[in-house]
Amino acid sequence: MAPVSSSALDPDIAARLKHDPAGLVAAVIQQHDTGEVLMVGWMDDEALHRTLTSGRVTFWSRSRGEYWRKGDTSGHVQHVKSVALDCDGDALLVRVDQVGAACHTGARTCFFTDLGAVTA
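Okay, so let's go over this structure. This structure is a prediction, so every number in the text was calculated from the model and none was measured. (Residues numbered from 1 in each chain as written. Predicted model: local features only at pLDDT ≥ 70, side-chain atom pairs only at ≥ 80, totals over all residues. Heavy atoms only, no water.)

A short note on helix α2 (residues 45-54)
And step 1. Burial in α2 covers these residues: Asp45, Glu46, Ala47, Leu48, His49 and Thr51.
And step 2. In this structure, the buried side of α2 is in contact with α1 (11-16), β2 (37-43), β3 (58-61), β4 (66-69), β5 (78-85) and β6 (91-98).
And step 3. A side-chain oxygen of the first residue of α2 lies 3.2 Å from the backbone nitrogen of Glu46; this N-cap is Asp44.
And step 4. Phi for Gly55, located one or two positions after α2, is positive at around 85 degrees. (Buried < 20%, exposed > 50% of the residue type's maximum accessible area, 1.4 Å probe, protein only. Helix = DSSP H or I, 4+ residues; strand = E, 2+ residues; numbered from the N terminus. Contact = heavy atoms within 4.5 Å. Polar contact = N/O pair within 3.5 Å; in protein donor to acceptor, adjacent residues only side chain to side chain.)

Following this line, the structure appears as structure tokens:
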């Protein structure tokens, strides 16, 4: 199921977004005070509008085909501190105050699997 195409998102912001073929933009979620990258989610215009106006992060769930506000069922809420658009318009950086685990596995961050890259 594709996300809803109409939204109350500011048209100037919507015009700057470069959506993927499904109408989505990647949203990198980062802890505002430590810089820790917590997770990546997907937003369409409506999810971004809800995030910008509610103070809580809303995503479009590709697997469930519906909007979901982080923490509504788990209690692991993401309070929005800032939202920035990258220079190409194809990714968002959402800085949050994370309450509890960000990952659905119960881990603080979704990025806990080290792939053993060679370091310089």
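Back to the write-up after that little detour.
Thoughts on the pattern of salt bridges
And step 1. Enumeration according to the criterion identifies 4 salt bridges in this entry.
And step 2. Residues Glu36 and Arg108 are paired through a salt bridge, measuring 3.2 Å at the closest nitrogen-oxygen approach. Of this pair, Glu36 sits in the loop between β1 (25-31) and β2 while Arg108 sits in the segment after β6, placing them 72 residues apart in sequence.
And step 3. Take Glu36: its relative accessible area is 29%, and that puts it in the partly exposed class.
And step 4. Residue Arg108 is classed as partly exposed on the basis of its relative accessible area, which comes to 33%.
And step 5. The salt bridge involving Arg69 is made with Asp72; its shortest N-O contact spans 3.1 Å.
And step 6. For Asp72, a relative accessible area of 48% puts it in the partly exposed group.
And step 7. The structure contains a network of salt bridges with shared partners spanning Arg56, Arg69 and Asp72. (Salt bridge = Lys/Arg side-chain N within 4 Å of Asp/Glu carboxyl O.)

Things to note about the pairing of β3
And step 1. With burial as the criterion, each face of β3 is covered, one bearing Thr58 and Trp60 and the other bearing Phe59 and Ser61.
And step 2. Pairing analysis gives 4 bridges linking β3 to β4, with the strands arranged antiparallel. When the bridges of β4 are listed, Thr58 appears paired with Arg69.
And step 3. Connecting β3 to the antiparallel partner β4 that follows it, the hairpin turn spans 4 residues, and Gly65 within it adopts a positive phi of roughly 65 degrees. (Pairing = 2+ DSSP bridges.)

A few points about the nonpolar core
And step 1. Ala27, Ile29, Met43, Val57, Phe59, Leu92 and Val94 are the most contacted members of the largest nonpolar core, which has 20 residues in total.
And step 2. At the level of elements, β1, β2, α2, β3 and β6 are the ones that each hand at least two residues to this core.
And step 3. Residue contacts for Met43: discarding those within four places in its chain leaves Gly23, Leu24, Val25, Ala27, Leu48, Thr51, Val57, Thr58, Phe59, Trp60, Leu92 and Val94. (Core = buried A, V, L, I, M, F, W, Y, C linked by side-chain atoms within 4.5 Å.)

Notes on the packing of aromatic side chains
And step 1. Considering all chains together, one arrives at 2 aromatic pairs under this definition.
And step 2. Taking 4.9 Å as the distance between ring centres and 35 degrees as the angle between the ring planes, the aromatic pair formed by Phe59 and Trp68 counts as tilted.
And step 3. Here Trp60 and Tyr67 contribute two aromatic rings whose centre-to-centre distance is 4.8 Å and whose plane-to-plane angle is 75 degrees, an arrangement assigned as edge-to-face. Taken as a pair, Trp60 and Tyr67 share a single burial class, namely buried. (Phe/Tyr/Trp six-rings, centres within 6.5 Å; stacked < 30°, edge-to-face > 60°.)

Shape descriptors only; they carry no functional weight alone.
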